[in-house]
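Working through the structure, step by step
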Amino acid sequence: MTQITNDPKLTAKVLNTGGVVGLPTETVYGLAARVDNAVAISRVYAIKERPVHHPLIVHAYDIGQCCDWGFMSDAAQTLANTYWPGPLTLLVKRTNRISDQITGGRDTVALRVPNHPIALEVLQGLSVPVVAPSANKFGRVSPTTAHHVLTDLADEVDLILDGGACVIGLESTILDCTTREVQVLRPGFLAAADITLATGIAITPPSGPSRAAGMLEHHYAPLCRVELFETRDQAFEALSLLKLKGTTGEILDYGTDLAAYAHDIYDDLRQCDIKKIKVALCVLPPPIGIGVAIRDRLGKAASSEG
Ligand code: AMP
Ligand code: MG
């Protein structure tokens, strides 16, 4: 059985000896391996069952460390200064030091400094950053507790660092800083409008070919069917119809508390699967702030496969 620990030094040691570990961050739990260990990174792809052309986010200790792996443009530097450590991933041009295995052979690399005290302690104990995609099977619901990682990946990882429940609970905002205007590839806790207000950097919707798993149609999905509703009344009406057909359903509604929505939604979707509920009926948050990201994830969870 995979060991769960709360010791960052032990975690750094396992990574330094080529291990793959479940690592807490403020967004979701990551599946971490050192960026310079090709064998460990191959295991990350294999454990996640992730297609190898889907590149991995590099998690570093600070901005200085990031500069070895990617060229920080002026916009990237400003965004990093403003939001790191924090739930913001920046896509920048890569340096030669980063391997094709991490970037999927692209000329860009995705970088982030996570805002989690124990994760930063681990990263400080390494001489290089780690890759850390979400610690779940590809396409499924991201883990927001150490127990979720254990449930999903059981004996496949060498160690899980328990840093408590993720404070945010939703994946980072991804911004592409390599385009003429900065583009948002995946919405997250940090809303584009707020970033522009704070930094003066204009942010546009994505254009061109898909560059992030966040741009896939179907992702973040539990086993149960996910149905979406704008109002609680609509959800209750649909639940009544399901009951008439003998189908089990559960309403997920968080009112106006968007932070609680982000924090709880993945665990609640997992609970639906544990209880073998057939349909999760989600009452959507308003499309403001982190509500945009929640609607994005639930939209993908609800879309049919393929
Ligand atoms: P995950 O770590 O599973 O939350 O997914 C990380 C996201 O970052 C994926 O959507 C990747 O496609 C995206 N990403 C990471 N590196 C790159 C890159 N070099 N170019 C484009 N997208 C990237
Ligand atoms: Mg993921």
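Residues numbered from 1 in each chain as written. Chains lettered and ligands numbered in written order. Predicted model: local features only at pLDDT ≥ 70, side-chain atom pairs only at ≥ 80, totals over all residues. Heavy atoms only, no water.

Looking now at the pairing of strand E11 (residues 182–186). In terms of residue burial, E11 counts as a mostly covered element, since five of its five residues are buried. In this structure, the hairpin formed by strand E10 (residues 173–176) and E11 is closed by a connection of five residues. Of the strand pairs in this sheet, E11 and strand E12 (residues 203–204) are connected by two bridges, and their pairing is parallel. Its bridge partner lying in E12, Gln 183 is registered against Thr 204. A crossover connection joins E11 to the parallel E12 through helix H8 (residues 192–199); in handedness this β-α-β unit is right-handed. (Buried < 20%, exposed > 50% of the residue type's maximum accessible area, 1.4 Å probe, protein only. Helix = DSSP H or I, 4+ residues; strand = E, 2+ residues; numbered from the N terminus. Pairing = 2+ DSSP bridges. Right-handed = clockwise from strand over helix to strand, strands pointing away.)

This part is about the packing of helix H1 (residues 8–16) against helix H6 (residues 117–124). Look at H1 against H6: their axes get within 8 Å of each other, and the N-to-C directions meet at 45°. In terms of orientation, H1 and H6 fall into the oblique class. The element H1 and its partner H6 pack so that their crossing is right-handed. Residues Pro 8, Thr 11, Ala 12 and Leu 15 of H1 form the contact with H6, whose participating residues are Ile 118, Glu 121 and Val 122. Class assignment of the residues belonging to the contact of H1 with H6 gives a composition of five nonpolar, one polar and one charged. (Axes fitted to C-alpha atoms, helices over the stretch in contact; angles between N-to-C directions. Parallel < 35°, antiparallel > 145°, perpendicular 65-115°, else oblique. Left-handed = near helix turned anticlockwise from the far one by under 90°. Contact = heavy atoms within 4.5 Å. Nonpolar A, V, L, I, M, F, W, Y, C, P; charged D, E, K, R; others polar.)

Attention now moves to the pattern of salt bridges. Once the charged atoms of two side chains with opposite charge are near each other, the side chains can pair. Across all of its chains, the model carries 16 salt bridges by this definition. We note a salt bridge from Glu 250 to Lys 275, for which the minimum N-O separation is 2.9 Å. With a gap of 25 residues between them, Glu 250 in strand E14 (residues 249–252) and Lys 275 in the loop between helix H10 (258–274) and strand E15 (279–283) connect regions that are remote in the sequence. With relative accessibility at 24%, the residue Glu 250 sits in the partly exposed group. (Salt bridge = Lys/Arg side-chain N within 4 Å of Asp/Glu carboxyl O.)

Another point: helix H7 (residues 146–153). Of the residues making up H7, those classed as buried are Ala 146, His 148, Val 149, Leu 150 and Leu 153. Considering only its buried residues, H7 is in contact with strand E1 (3–5), strand E2 (21–23), strand E3 (30–34), helix H2 (38–48), strand E9 (159–161) and H10. Immediately beyond the C-terminal end of H7, within one or two residues, lies Ala 154, with a positive phi of roughly 30°.

At the junction of Trp 84 and Pro 85, the peptide bond is cis and its omega measures out at -5° in the coordinates. Residue placement: Pro 85 occurs in the loop between helix H4 (74–83) and strand E6 (88–94). Despite not being glycine, Glu 49 shows a phi value in the positive range, around 55°. Mapped onto the fold, Glu 49 is located in the loop between H2 and strand E4 (57–59). For Lys 276, which is not a glycine, the phi torsion comes out positive at approximately 55°. Classification of Lys 276 by relative accessible area gives exposed; the value is 63%.

Take the environment of Pro 129 next. Mapped onto the secondary structure, Pro 129 falls in the loop between H6 and strand E8 (130–131). By relative accessible area, which is 1% here, Pro 129 ends up buried. It is 9.9 Å that separates the C-alpha atoms of Pro 129 and Asp 68, two residues lying 61 residues apart in sequence. Among all residues touching Pro 129, those that are not within four sequence positions of it are Arg 34, Val 35, Val 58, His 59, Ala 60, Gln 65 and Trp 69.

What follows deals with the state of the cysteines. Counted by the stated rule, this structure contains zero disulfides. Lacking any disulfide linkage, Cys 66 is separated from the closest cysteine sulfur, that of Cys 67, by 6.8 Å. Residue classification places Cys 66 among the buried positions, given a relative accessible area of 0%. With no disulfide of its own, Cys 224 lies closest to Cys 272 among cysteine sulfurs, the gap being 4.9 Å. With relative accessibility at 7%, the residue Cys 224 sits in the buried group. (Disulfide = S-S within 2.5 Å.)

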